Amino acid sequence: MKYIKSILFLVLSITQISFAGGWVVGGGEIMGDAVNPWFLNNNPDIKYCVVIDEANFGLSRSEAESITKRGIDFWMRQFKGQSGWGQDFILSKLNFALESCKPTTDLKLQFGLIDLKQMSQLPDLDRKVAVSVRTDYDRVNMRGKGFIYISPEKGPLALSGPQIETKAWSSSKGLLTLMVMIHELGHVFGLSHNSVSLMDENYVEMIMTPGLLKFFKDTNFESELENYDVFKIARSASNLKTEMCMGMVVSEVLRNGKKVHQLSNGIGPRTSVLNAFFGIDFEISCYGQTIGFENGKYILDVTFGTNKYSQKETVRMEQIIDDSAYRHLTAMLKIFLPKEQKVLPGVNTAYYGKIEKSVTFRSKVYDKINNVYRPVIVTMYNDRSATVTTEFQGKIYADILGQM
Ligand SMILES: [Zn+2]
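Note that the coordinates shown come from a computational prediction; the quantities given were computed from them, not determined experimentally.

Caption draft 1: Fine view of the environment of G155. Its location among the elements puts G155 in the loop between β6 (143-150) and α4 (168-171). Given 12 C-beta atoms within 10 Å, G155 falls into the exposed group. With 43 residues separating them in the primary sequence, G155 and G112 have C-alpha atoms 9.0 Å apart. Contact partners of G155, with chain neighbours within four places excluded, come to D53, N56 and G112.

Pasting the structure below:
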């Protein structure tokens with residue numbers, strides 16, 4: 001166990017878990033040299049098809065179709081939300097229609113099925129949870145074709161390498177499949193790794209970590225997903241609130257000579273700096289944080305708790321009224337324009353969409369023991385984590401929560 005990082009109830013930031021050393025499963029993507037979206041508004045009608053090995057995959061055909069549709073709807077909702085600066089977002093007009101698979105089908109969803117040609121081009125397939133592969137690209141019209149493959153639970157194509165949740169698809173009633181689908185579709189839409197938290201390069205492997213499924217169920221992750229706004233921090237319809245105080249640790253351990261990841265409750269060491277700064281009068285052994293946006297103000301709630309959660313207390317840090325927050329924006333999509341293209345006016349690279357990378361605001365913490373307010377600067381990140389910067393007892397803390 002060389003490295004441990006806690007995830008502290010960041011419902012949507014599973015990407016907070018970090019690993020040291022090499023995780024044997026690859027990112028799972030073969031995108032060639034191009035990460036352009038497969039489809040753009042210029043050619044908005046897209047046909048997709050679904051094939052499934054129902055005996056081995058772990059879900060039925062109708063479940064697979066429903067997950068595919070929900071994945072597509074998830075992204076289209078995001079892209080429509082990116083319109084509104086006087087022009088449509090470059091992916092906002094896509095229409096997807098299901099058909100039976102033909103050579104002309106634009107996007108093929110393969111649940112546990114792969115053909116020999118595809119297999120010969122995908123090494124280590126038994127170690128990949130999922131891949132998205134663009135097989136053709138028309139540079140003039142900037143339109144691609146390809147497939148998404150998701151591995152089955154059992155049968156000859158079942159994963160043999162990594163340590164993952166057993167019966168991941170059937171035991172989650174498709175929730176994990178949906179999360180994987182959303183990630184892979186993100187690649188189809190041209191989102192590169194680490195552009196948003198769902199596109200973290202380790203995302204697919206991470207959500208399959210044994211034990212995390214319970215966490216997703218406990219936190220009602222599925223409904224969070226329906227309300228989730230990928231591009232805005234803390235301004236989803238739902239503010240990702242949770243009452244639990246919990247800490248989780250993913251550690252890397254050796255099992256049968258293989259490096260695997262193990263999830264456990266993580267209890268941090270006693271910390272007097274946090275007690276003193278936040279005015280908490282019991283011994284803090286874990287904390288969780290929730291970011292939000294209410295009545296025009298950004299909010300960070302940090303809940304401190306004891307070991308068995310018998311005691312807990314939430315400290316609210318709210319944006320100071322009439323003080324503007326600093327939003328660090330970045331482009332969601334970077335599209336490389338081939339020389340041959342006839343879609344967009346002649347530039348080399350085009351940027352689209354606005355992602356909030358971080359939001360920084362001033363706030364204060366009330367210490368009820370000493371009856372004082374302490375100024376802080378809160379920064380909330382796209383992955384739903386947050387830092388609290390402050391000065392305390394003559395020391396500057398870039399993130400005082402890091403004293404945990
Ligand atoms: Zn990926």
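From this point, the narrative continues.
Caption draft 2: Summary view of the nonpolar core. Among the nonpolar cores identified, the biggest contains 61 residues, and F111, A130, L176, V180 and I207 are the most heavily contacted of them. Both domains that meet at this core, namely domain 1 (22-208) and domain 2 (265-403), each give it at least three residues. Membership of the second largest hydrophobic core comes to 29 residues, among which are A234, Y287, I291 and V302.

Caption draft 3: Geometry of the sheet that holds strand β13 (residues 349-367). The strand order across the open sheet built from five strands is β12-β13-β14-β15-β16, with neighbouring strands paired in antiparallel fashion. At either margin of the open sheet sits one strand with a lone partner, and together these are β12 (326-336) and β16 (395-397). Strand-to-strand, the axes of this sheet are offset by a mean angle of 20 degrees, without reference to chain direction. The pairing of β13 with strand β14 (residues 372-381) spans ten bridges and is antiparallel. Across the sheet, the residue bridging to R362 is I377, located in β14.

Caption draft 4: Local environment of the confidence of the model for the chain. When the pLDDT values of the chain are averaged, the result is 81; 81% of them are 70 or greater. Note that residues 1-33 has pLDDT below 50 and, in this model, 99 contacts with residues that lie over four places away or in other chains. Low pLDDT, under 50, characterises residues 237-246; the stretch is placed with 32 contacts to residues that sit more than four places away or in other chains.

Caption draft 5: The packing of helix α2 (residues 61-81) against helix α5 (residues 175-188), seen in detail. Where α2 meets α5, the axes come as close as 9 Å, and the angle between the chain directions of the two elements is 50 degrees. Relative to α5, the element α2 is oriented oblique. When the axes of α2 and α5 are compared, the crossing they make is right-handed. On α5, the residues touching I67, T68, R70, G71, I72, F74 and W75 of α2 are T177, L178, M181, I182 and L185. For the contact of α2 with α5, a count of residues per class yields eight nonpolar, three polar and one charged.

Caption draft 6: Structural context of the environment of G211. For G211, the location among the structural elements is in the loop between α6 (203-207) and α7 (212-218). Under the C-beta neighbour-count criterion, G211 is labelled partly exposed, with 13 such atoms within 10 Å. Linking G211 and E165, residues 46 residues apart in sequence, is a C-alpha distance of 6.9 Å.

Caption draft 7: Region of interest: unusual backbone geometry. The backbone of N295 sits at a positive phi, close to 50 degrees, despite the residue not being glycine. Following the sequence through the fold, N295 ends up in the loop between β9 (286-294) and β10 (297-305). Residue class for N295 comes out exposed when judged on the 8 C-beta atoms lying within 10 Å of it. One non-glycine residue, D322, lies in the positive phi region at around 65 degrees.

Caption draft 8: Local environment of the sheet that holds strand β11 (residues 312-318). One open sheet accounts for three strands, arranged β9-β10-β11; its pairing is antiparallel. Either end of the sheet is taken by a strand with one partner, and the two such strands are β9 and β11. The sheet shows a mean angle of 20 degrees between the axes of neighbouring strands, taken without regard to direction. Strand direction decides the pairing type here: β9 and β10, joined by nine bridges, are antiparallel. Note on β10: the bridge partner recorded for F293 is Y298.

Thresholds applied
- Residues numbered from 1 in each chain as written.
- Predicted model: local features only at pLDDT ≥ 70, side-chain atom pairs only at ≥ 80, totals over all residues.
- Helix = DSSP H or I, 4+ residues; strand = E, 2+ residues; numbered from the N terminus.
- Buried ≥ 20, exposed ≤ 12 C-beta atoms within 10 Å, placed from the backbone.
- Contact = placed C-beta atoms within 7 Å.
- Core = buried A, V, L, I, M, F, W, Y, C linked by C-beta atoms within 7 Å.
- Domains from an automatic or database assignment.
- Pairing = 2+ DSSP bridges.
- Axes fitted to C-alpha atoms, helices over the stretch in contact; angles between N-to-C directions.
- pLDDT = per-residue confidence, 0-100.
- Parallel < 35°, antiparallel > 145°, perpendicular 65-115°, else oblique.
- Left-handed = near helix turned anticlockwise from the far one by under 90°.
- Nonpolar A, V, L, I, M, F, W, Y, C, P; charged D, E, K, R; others polar.

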